[in-house]
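Next come the chains, spelled out residue by residue.
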Amino acid sequence: MKTYHFTTCLTIMLSGFLTNNLVAQKSPSKTDYKSVTVYVTAKNTNNKLTKTETLSFIDKPQPIEKEFSVFVDPSKTYQTMLGIGGAITDASAEVFYKLSKEQQAEILTAYYDKEKGIGYTLARTNMQSCDFSSDIYSYIAEGDKDLKTFDISHDRKYRIPLIKEAIAKAGGKLTLYASPWSPPAWMKTNNNVLQGGVLKPEYNQSWANFFVKFIKEYEKEGIPIWGYTVQNEPMAVQKWESCIFTAQEERDFIKNFLGPTMQKAGLSKKKLIMWDHNRDLMYQRVSTVLEDKDAAKYVWGIGYHWYEDWHKNGMNFEAERRVAEAFPDKPLILTEGCAADFDQKLLTDWTYGEKYGMSMINDFNIGTVAWTDWNILLDEKGGPNHVQNFCMSPIHADLTTGKLIYTNGYYYLGHFSKFIHPGAKRVACNSSSNKLLSTAFVNQDNNLEVVVMNQSDDNVDYFLWIKGKASKITSLAHSIATLEVK
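Per chain, residue numbering runs from 1 following the sequence as it is written. In keeping with the predicted nature of the model, local features appear solely for residues at pLDDT of at least 70, side-chain atom pairs appear and are counted solely at 80 or more, and the whole-chain, interface and lining totals rest on all residues. Water and hydrogen atoms were dropped before computing side-chain values, which therefore reflect all heavy atoms in the structure.

Visitor: Would you explain the overall build of the protein chain in this entry?
Guide: Of regular secondary structure, the protein chain possesses 12 helices and 22 strands. All radius of gyration figures rest on C-alpha atoms, and the globule criterion is 2.2 Å times the number of residues raised to 0.38. In summary, the protein chain has a C-alpha radius of gyration of 23 Å against a globular reference of 23 Å for 486 residues, a match within 12%. In terms of overall dimensions, the protein chain has a C-alpha envelope of 80 × 70 × 40 Å along the principal axes. In the protein chain, buried positions account for 59% of the 486 residues. The helix count covers DSSP runs of H or I at least four residues long, the strand count covers runs of E at least two residues long, and both are numbered beginning at the N terminus. Exposure is judged per residue with a 1.4 Å probe applied to protein chains only, and the accessible area is read against the type maximum: over 50% gives exposed, under 20% gives buried, and values in between give partly exposed.

Visitor: Any chance you could explain the side chain of Thr288 here in plain terms?
Guide: Along the chain, the position of Thr288 falls in helix 8 (residues 282-290). Two N or O atoms count as a polar contact when they lie within 3.5 Å, although within protein this holds only if one can serve as hydrogen donor and the other as acceptor, and sequence-adjacent residues are included solely when both atoms are side-chain atoms. For Thr288, the side chain forms a polar contact with the main-chain oxygen of Gln284, separated by 2.7 Å. Whether two residues are in contact is decided by their heavy atoms, any of which lying within 4.5 Å being enough. Filtering out sequence-adjacent residues up to four positions away, Thr288 remains in contact with Ala247, Gln248 and Arg251.

Visitor: Would you explain the sheet that holds strand 14 (residues 377-379) in this entry?
Guide: To summarise the sheet geometry, strands pair through backbone hydrogen bonds and adopt either a parallel or an antiparallel arrangement. Taken together, the three strands give an open sheet; going across it, the order is 14-15-16, and neighbouring strands pair in mixed fashion. Two strands close off the open sheet at either side, each with one partner strand: strand 14 and strand 16 (403-406). The sheet shows a mean angle of 30° between the axes of neighbouring strands, taken without regard to direction. By the bridge criterion, three bridges tie strand 14 to strand 15 (residues 395-398) in an arrangement that is parallel. Paired with Leu377 across the two strands is Ile395, which belongs to strand 15. All axes are obtained by fitting lines to C-alpha atoms, using only the stretch in contact for helices, and the reported angles, taken between N-to-C directions, cover 0 to 180 degrees. Helix 3 (residues 101-112) contacts strand 14, strand 15 and strand 16 of the sheet and is inclined by roughly 15° relative to strand 16. A strand pair is defined by DSSP finding two or more bridges across the two strands.

Visitor: What should I look at first to understand unusual backbone geometry in this one?
Guide: With an omega of 5°, the peptide bond between Gly383 and Pro384 qualifies as cis. Among the structural elements, Pro384 can be located in the loop between strand 14 and strand 15. Phi is positive for Leu147, close to 60°, though the residue is something other than glycine. For Leu147, the location among the structural elements is in the loop between strand 7 (122-127) and helix 4 (153-157). On the basis of relative accessibility, which here comes to 3%, the residue Leu147 falls in the buried class. Of note, the phi angle at Lys312 is positive, near 70°, even though the residue is not glycine. Structurally, Lys312 is set in the loop between strand 11 (301-305) and helix 10 (317-326). The exposure class of Lys312 is exposed, given its relative accessible area of 73%.

Visitor: Looking at this model, I keep getting lost on the packing of helix 7 (residues 247-264) against helix 8. Mind explaining?
Guide: Relative placement of two packed helices is described by the angle separating their axes and the distance separating the axes. Interhelical geometry of helix 7 versus helix 8 gives an angle of 35° and a closest axis separation of 9 Å. Viewed along their axes, helix 7 and helix 8 form a crossing whose handedness is right-handed. Of helix 8, the residues touching helix 7 (which contributes Ala247, Gln248, Glu250, Arg251 and Ile254) are Gln284, Arg285, Thr288 and Val289. Polar here means any residue other than Ala, Val, Leu, Ile, Met, Phe, Trp, Tyr, Cys and Pro, which are nonpolar, and Asp, Glu, Lys and Arg, which are charged; Gly is therefore polar. When grouped by side-chain class, the residues that make up the contact of helix 7 with helix 8 number three nonpolar, three polar and three charged. Left-handed describes a crossing whose near helix is turned anticlockwise from the far helix through less than a right angle; right-handed describes the clockwise counterpart.

Visitor: Help me understand the pattern of salt bridges in this model?
Guide: When the charged atoms of two side chains lie near each other, side chains of opposite charge can form a pair. Salt bridges are defined by distance alone: a side-chain nitrogen of Lys or Arg within 4 Å of a carboxyl oxygen of Asp or Glu. By the definition in use, this model includes 26 salt bridges. Where Lys145 meets Asp146, a salt bridge forms, and the shortest distance between an N and an O atom there is 3.7 Å. Arg156 is paired through a salt bridge with Glu221; the nearest N and O atoms lie 2.7 Å apart. Linking Arg156 in helix 4 with Glu221 in the loop between helix 6 (204-220) and strand 9 (227-229), this pair joins segments that are 65 residues apart in sequence. Residue classification places Arg156 among the partly exposed positions, given a relative accessible area of 35%.

Visitor: Got a minute to help me understand the layout of surface pockets in this structure?
Guide: By rolling a water-sized probe across the atoms, one finds the places where empty space is left. If you add up the space inside the largest pocket, you get close to 710 Å³. Within this scheme a cavity is a closed region of a 1 Å grid, computed over the protein atoms alone, that accommodates a 1.4 Å probe without allowing it to escape, whereas a pocket is open but has protein on both sides within 12 Å along at least five of seven lines; lining residues each have an atom within 4 Å of a point. Together, 28 residues line the largest pocket, and Gln238, Asn278, Tyr307, Trp310 and Ala340 are the ones closest to its centre. The residue inventory of the lining of the largest pocket, partitioned by class, reads 14 nonpolar, six polar and eight charged. The space that makes up the second largest pocket amounts to roughly 310 Å³. Lining the second largest pocket are 13 residues, with Lys114, Gly119, Thr121, His421 and Pro422 positioned closest to its centre. When its residues are assigned to classes, the lining of the second largest pocket shows three nonpolar, six polar and four charged. Grid points are joined across faces, edges and corners, and a volume is the space filled by probe spheres set on the points.

Visitor: What am I meant to see in the packing of aromatic side chains here?
Guide: For any pair of aromatic rings, the description rests on two quantities: the centre-to-centre distance and the angle between the ring planes. In this analysis, rings of Phe, Tyr and Trp, with Trp reduced to its six-membered ring, are considered paired at centre separations within 6.5 Å, and the interplanar angle assigns stacked below 30 degrees, edge-to-face beyond 60, and tilted for intermediate values. A complete count under the given rule lists 34 aromatic pairs for this structure. Clustering of aromatic rings is evident, with ring pairs tying together Tyr137, Tyr139, Phe150, Trp207, Phe210, Phe211, Phe214, Tyr218 and Tyr228. Note that Lys60 overlies the ring of Phe463, its terminal NZ or CZ placed 4.3 Å from the centroid. Geometrically, a lysine NZ or arginine CZ counts as sitting over a ring once it is within 6 Å of the ring centre and also within 35 degrees of the ring normal.

Visitor: When you look at the confidence of the model for the protein chain in this model, what are you seeing that I'm missing?
Guide: Predicted coordinates in areas of low pLDDT are best not read in detail. Across the chain, each position has a pLDDT score giving the predictor's confidence in that residue, from 0 to 100. When the pLDDT values of the protein chain are averaged, the result is 94; 94% of them are 70 or greater. This stretch, residues 1-20, has a pLDDT under 50; its non-local contacts, to residues over four places away or in other chains, come to 10 contacts.

Visitor: Hey, could you run me through the sheet that holds strand 8 (residues 175-180) in this one?
Guide: Pairing in this closed barrel of eight strands is parallel, and the strands run 6-7-8-9-10-11-12-13 around the ring. Averaged over all pairs of adjacent strands, the angle between strand axes in this sheet comes to 25°, irrespective of strand direction. Of the pairings in the sheet, the one linking strand 6 (residues 83-87) to strand 13 (residues 368-375) comprises five bridges and is parallel in character. For Ile84, the partnering residue across the bridge sits in strand 13 and is Trp371.

Visitor: Any chance you could explain the environment of Asp135 here in plain terms?
Guide: Position of Asp135 relative to the elements: it lies in the loop between strand 7 and helix 4. Sequence separation of Asp135 and Pro384 is 249 residues, and the distance between their C-alpha atoms is 9.5 Å. Ignoring sequence-local partners within four residues, the contact set of Asp135 consists of Ser129, His154 and His386. Within the local environment of Asp135, its side chain forms a polar contact with the side chain of His154, the two groups lying 3.5 Å apart.

If you want it as structure tokens, here you go:
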């Protein structure tokens, strides 16, 4: 008879409770669906998250080759959704408070109202200044390694008030995490918050203590912090706030300083997110950190960005998939994505929204549990930004005309965030046509939400097929639809 040590048995028992992103779990589910309500956003139409039709099901035991289908199996479940949202940066907050009270109310409704808006449930914010700040600032005085001067007064002017308003509009709860762009200049080898540089070893403990201070000060303001990333884009030397951490340096900082410090401060339940950079280098980074059990025990999940397409090779979903396969117990979270360069043409360019849809569907199908857009709001130039690194956001406020500009990116994001709620389980879903991208989730109320996206120039007729029942639907050219099945 084969014998097991107690720790081995415990590991086997616990494995059933871990998030497994790729292996389907059998689950009792509702299958007697009666109707499909279709919500559409489509190019060259007036449809913007528009309810277009409600359809019924017919018996269809066997689809045929000449017909396209989107197959959904609600009995096979995968990861649980944590949330979808965007970043509340200094720039977003500064623009917000330049608007009229009516426009401020409109923005809050547009993003955080579950009925009238797209129901964001997730947010990211910056620790100290980032490129999307109007100035460079720190919470501590130069040379204060003991953090006696720690003061978040800067954030109380714009950012903290906006975060509080967003939390209130979201119904009192918004899953919020924070990211640092750079330690104070004097803690770094280049004596500059910009242009990369490395954290000096003698300040490892001070910098770890800095995270504790930030979280506790924000929570004194009535803003709960759910989690934090170790370093925004740790392999990029940027003209804005940046700091380099190699994989070995991040591993050692987590296991020797950041993890133990958070635990000692009573903050071990805050979620530590490693990496927070592009998909292309994910596997090397993640394997280096997580194969060290003393570092891995502090890591909740893996954050990533989508900007590896600056190589002109597209998004590297395969790198993301390898990480999900190799480390299924560590959730994936997209911590940042946007059209990196502001371009007036993108305000109306349909490919802008399609990039969101394509990424989100692939990311969720790989196992991602949360998805965070970059700035929720920017001005007519894609700022403010103290190093002129202007970007796009789903909504822009033209401060010269007083108009709010909703890009199609806002609506594409809404096809996920408005319908797929925290606690939803992804279910098996695939399309028989390469022209249709699809993903599906079952919410806790048992409503099934299927997102189908068509990037082609053709209308595509297909059947939504669920366990021998089907409903015929037309996917318009360059459209995205959410099918709410009850």
